[in-house]
Amino acid sequence: MEKKTVFSGMRPTGRLQLGNLTGALDSWIKLQDKYRCLFCVVDWHALTTAYEDPTQLKENTYDMVINWLAAGLDPEKSIIFRQSDVKEHAELHLLLSMFTPLSWLERVPTYKDQLQQLKGKDLHTYGFLGYPLLMAADILLYRAEAVPVGEDQIPHLEITREIARRFNYLYRQQFFPEPEAILNKVKILPGIDGRKMSKSYGNTIDMSDHPDEIRKKVRKMVTDPGRIRKNDPGNPDVCTAFVFHGVFNTEEVANVEQVCRRGEIGCVQCKKQLAERIVSFLEPIYERRQALENKKDYIRAILTDGAKRASALAAENMAKVRELMNLGQL
Ligand code: TRP
């Protein structure tokens, strides 16, 4: 029996954060054994917001793939490639755009949200409005049936399914499957100051941080502000460090909660424990990263091979799409 196809993508917009690892990458790594997986560096998607200054795009692509490999993605098992290397993504995006109502794109909740949030950038562009459609093209191009994503991407998957249905209806063939989301379970990690983790807030823990850097950042992590002396009873419910204990110190988290509430452990000591958990979790990844850092040729070869394998699948499906839309051989 043929394996199901899984597709996912990540925008190369800078260093990967700890949350990317515990959210997306962990689930990708597990899927590799069961499915035919394609993992794509979606550099065209990055351009929709970074079009004014694309200078970092290639560097970020290398960096992201290094992180992927260091975390455990395996190019022997999965197809790892860059979106802009497989032009069929653009062709399918164009063809889908012919029958996608503008209103479908305008009502995607992330669209208005992002326009609001990224106020410093002019995003009243055709490309930005079409972001979800490009994502639909990514997925449908491989007739993927499952897409591991975070909750924020659900609306994009919904529109992908609508587009698949519309295509199948218009061209009278059940060609595209309607892809399902595989939801990343881990809750979103806050930044060390308790706000949303974001580069622009300077509160991130990055996958590439040196162990000492991690120790330093964890030391600065905010804890229960109502706790003045170290043997005051603490409230883990309002403590950022406690959220991280829940993810990286699962065996001891119940105990940590008790001793905190009883005021039996000070925040300094508690965070020291936590830092060591995070460090030992990241250490093997850090070492694999180091080993890959100066091997651009190797990374490039992986992406070239991935693009070749992805292109073969894309070519086959696009030939069929062209035929169904009467764009095939004259
Ligand atoms: N929009 C996704 C994100 O920001 C990235 C993405 C682009 C994607 N194309 C995709 C994810 C296809 C899954 C499938 O996270």
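Residues numbered from 1 in each chain as written. Predicted model: local features only at pLDDT ≥ 70, side-chain atom pairs only at ≥ 80, totals over all residues. Heavy atoms only, no water.

S.K.: Honestly, the overall build of the chain in this entry has me stumped. Any pointers?
M.R.: Per the secondary structure count, the chain includes 14 helices and five strands. In terms of C-alpha radius of gyration, the chain reaches 22 Å, essentially the compact-globule figure of 20 Å for 330 residues. Burial statistics for the chain: of 330 residues in total, 49% are counted as buried. Pairs at least 24 apart in sequence give 79% of the contacts found in the chain among residues at least 6 apart. With an accessible surface of roughly 17300 Å², the chain has 51% of that area assigned to carbon and sulfur atoms. Here the chain carries 47 positive and 44 negative side-chain charges, and the mean point of each set is 1 Å from the other. (Helix = DSSP H or I, 4+ residues; strand = E, 2+ residues; numbered from the N terminus. Rg over C-alpha atoms; globule rule 2.2 N^0.38 Å. Buried < 20%, exposed > 50% of the residue type's maximum accessible area, 1.4 Å probe, protein only. Contact = heavy atoms within 4.5 Å. Areas by Shrake-Rupley, 256 points an atom, 1.4 Å probe, with all protein chains shown as cover. Lys, Arg positive; Asp, Glu negative; His and termini not counted. Charge placed at Lys NZ, Arg CZ, Asp CG, Glu CD.)

S.K.: When you look at a positive patch on the surface in this model, what are you seeing that I'm missing?
M.R.: Judged by side-chain charge, Lys-216, Arg-219, Lys-220 and Lys-272 come together as a positively charged surface patch. With three residues, helix 10 (residues 211-220) is the single largest residue contributor to the positive patch. Exposure remark for Lys-272: the relative accessible area of 59% places this residue in the exposed category. (Patch = residues over 30% accessible without salt bridge, like charges linked within 9 Å, V, L, I, M, F, W, Y side chains within 5 Å. Salt bridge = Lys/Arg side-chain N within 4 Å of Asp/Glu carboxyl O.)

S.K.: Could you clarify how one ought to interpret the side chain of Gln-153 in this entry?
M.R.: Along the polypeptide, Gln-153 turns up in the loop between strand 4 (146-149) and helix 9 (154-170). In this structure the side chain of Gln-153 is engaged in a polar contact, spanning 2.7 Å, whose partner is the side chain of His-156. (Polar contact = N/O pair within 3.5 Å; in protein donor to acceptor, adjacent residues only side chain to side chain.)

S.K.: Can you help me understand the site of the ligand in this one?
M.R.: The ligand sits among 13 residues. The nearest are Arg-11, Tyr-131, Met-135, Asp-138 and Gln-153. In this structure, an oxygen atom belonging to the ligand sits 3.2 Å away from a side-chain N or O atom of Arg-11. Within the side chain of Asp-138, a nitrogen or oxygen atom sits 2.7 Å from a nitrogen atom of the ligand. Sorting the residues of the shell around the ligand by element identifies strand 1 (5-10), helix 8 (131-141) and strand 4 as the ones contributing at least two each. With four residues, helix 8 is the largest single contributor of residues to the shell around the ligand. (Near = heavy atom within 4 Å.)

S.K.: What's the story with the domain arrangement of the chain in this structure? I'm lost.
M.R.: The accessible area lost on association of the parts is a frequent measure of interface size. According to the domain assignment, the chain contains domain 1 (5-189 + 296-324) and domain 2 (209-290). The interface of domain 1 with domain 2 comprises twelve residues on the first partner and eleven residues on the second. The contact between domain 1 and domain 2 buries some 1000 Å² in all, and 73% of this surface belongs to carbon and sulfur atoms. Among the residues domain 1 hides against domain 2, the three largest losses belong to Leu-18, Ala-70 and Leu-189. Together they make up 45% of the total. Linking domain 1 with domain 2 are one salt bridge. A salt bridge links Arg-289 to Asp-63, with the shortest nitrogen-to-oxygen separation between them at 3.0 Å. Here domain 1 is connected to domain 2 by three residue pairs in polar contact (both at pLDDT 80 or more). Counting only elements with at least two residues in the side of domain 1 that touches domain 2, the list comes to helix 1 (18-31) and helix 3 (57-71). (Domains from an automatic or database assignment. Buried area = accessible area lost by both parts, 1.4 Å probe.)

S.K.: Help me understand unusual backbone geometry, please; the structure alone is not making it clear to me.
M.R.: Excluding glycine, residues mostly carry a negative phi; peptide bonds, for their part, are mostly trans. Positive phi is not limited to glycine here, since Arg-172 has a value of about 55°. Positioned with a positive phi, Asn-326 is a non-glycine residue whose angle comes to about 60°.

S.K.: Any chance you could explain the nonpolar core here in plain terms?
M.R.: Nonpolar side chains in soluble globular proteins tend to be buried together. Residues Leu-25, Trp-68, Phe-244 and Ile-278 are the most contacted members of the largest nonpolar core, which totals 52 residues. Each of domain 1 (5-189 + 296-324) and domain 2 (209-290) gives at least three residues to this core. Leave out the neighbours within four places in its chain, and Phe-244 touches Leu-18, Leu-189, Pro-190, Met-197, Ile-205, Met-221, Asn-249, Leu-274 and Ile-278. Leu-38, Phe-128, Phe-167 and Ala-310 belong to the second-largest nonpolar core, a separate cluster that totals 44 residues. (Core = buried A, V, L, I, M, F, W, Y, C linked by side-chain atoms within 4.5 Å.)

S.K.: What am I meant to see in the state of the cysteines here?
M.R.: Defined simply, a disulfide is a covalent bond joining two cysteines at their sulfur atoms. With the rule as written, the count across this model stands at zero disulfides. Of all cysteine sulfurs, the one in Cys-239 lies closest to Cys-260, which takes part in no disulfide; the gap is 6.3 Å. With relative accessibility at 11%, the residue Cys-260 sits in the buried group. Not part of a disulfide, Cys-267 finds its nearest cysteine sulfur in Cys-239, a span of 6.1 Å. (Disulfide = S-S within 2.5 Å.)

S.K.: Whenever I open this one, the packing of helix 4 (residues 88-97) against helix 14 (residues 296-324) confuses me. Can you help?
M.R.: Each pair of packed helices can be described by the angle between their axes along with the distance between the axes. Their axes nearest at 10 Å, the elements helix 4 and helix 14 cross at an angle of 25°. One element, helix 4, and the other, helix 14, form an angle in the roughly parallel class. Viewed along their axes, helix 4 and helix 14 form a crossing whose handedness is left-handed. Judged by residue contacts, Glu-88, Glu-91, Leu-92 and Leu-95 of helix 4 engage Ala-314, Ala-315, Met-318, Val-321 and Arg-322 from helix 14. (Axes fitted to C-alpha atoms, helices over the stretch in contact; angles between N-to-C directions. Parallel < 35°, antiparallel > 145°, perpendicular 65-115°, else oblique. Left-handed = near helix turned anticlockwise from the far one by under 90°.)

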